[in-house]
Amino acid sequence: MKFVIVFAALFAVAFAAPGGDGDAQVLRFDSDVQPNGFNYAYETSNGINEQAQAKLLNEGSDAEAISVQGSYSFVADDGQTYTVNYIADENGFQPQGAHLPVAPEA
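The rules we used
Residues numbered from 1 in each chain as written. Predicted model: local features only at pLDDT ≥ 70, side-chain atom pairs only at ≥ 80, totals over all residues. Heavy atoms only, no water. Buried < 20%, exposed > 50% of the residue type's maximum accessible area, 1.4 Å probe, protein only. Helix = DSSP H or I, 4+ residues; strand = E, 2+ residues; numbered from the N terminus. Pairing = 2+ DSSP bridges. Salt bridge = Lys/Arg side-chain N within 4 Å of Asp/Glu carboxyl O. Contact = heavy atoms within 4.5 Å.

Draft legend 1. The pairing of strand β3 (residues 49-57), seen in detail. Taking every second residue as pointing to the same face, the buried face of β3 carries Glu50, Ala52, Ala54 and Leu56, while none of Asn49, Gln51, Gln53, Lys55 and Leu57 on the other face is buried. Taken together, strand β2 (residues 37-44) and the strand that follows it, β3, pair antiparallel across an intervening segment of four residues, in which Gly47 is found at a positive phi of about 90°. Bridge analysis of β3 against strand β4 (residues 65-75) gives nine bridges, and the strand direction is antiparallel. Within β4, the position partnered with Asn49 by the bridge is Ser73.

So this is what it looks like as structure tokens:
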């Protein structure tokens, strides 16, 4: 439960932070926060889109963890739209995107 509250609070702070396009309008915002997970999605007029779903794993145990899957996209200064798909769980933040470098295999 505390993970959901912390993530929701961090999301709210990040969403409210001033960005480079002060005239952008929120076109869509959906949110559903539950004690054992959440879903949200938003879209802004400057081309930013984000969506994520989370669920609490091993609830009530010492191995309790939150698992988040999501994606975000934005239009960069070069006019290209960049998209990042990610998983964030007990194994850390795992982003994937065509523009991101890939580490060599060990």
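Draft legend 2. Structural detail: the pattern of salt bridges. Applying the stated criterion across every chain yields a total of two salt bridges. The partner of Asp30 in a salt bridge is Arg28, and the shortest N-O contact between them spans 3.2 Å. Owing to a relative accessible area of 40%, Asp30 belongs among the partly exposed residues under this scheme. Across the salt bridge formed by Arg28 and Glu43, the nearest N and O atoms sit 4.0 Å from each other. Residue Arg28 is found in strand β1 (residues 26-34), and its partner Glu43 is found in strand β2; the two are separated by 15 residues along the sequence. We classify Arg28 as partly exposed; its relative accessible area is 34%. Connected via shared salt-bridge partners are Arg28, Asp30 and Glu43.

Draft legend 3. Local environment of the side chain of Ser73. Locating Ser73 in the fold gives a position in strand β4. Setting aside chain neighbours within four positions, we find Ser73 in contact with Gly47, Ile48, Asn49, Thr81, Tyr82 and Thr83.

Draft legend 4. View of the pairing of strand β5 (residues 81-89). Judged from the eight bridges that link them, β4 and β5 form a sheet pairing that is antiparallel. Bridged to Ser73 within β5 is Thr83. Count of turn residues in the β4/β5 antiparallel hairpin: five residues, of which Gly79 carries a positive phi of about 85°. Judged from the five bridges that link them, β5 and strand β6 (residues 92-96) form a sheet pairing that is antiparallel. Across the sheet, the residue bridging to Tyr86 is Pro95, located in β6.

This is a description of form; function is not addressed.
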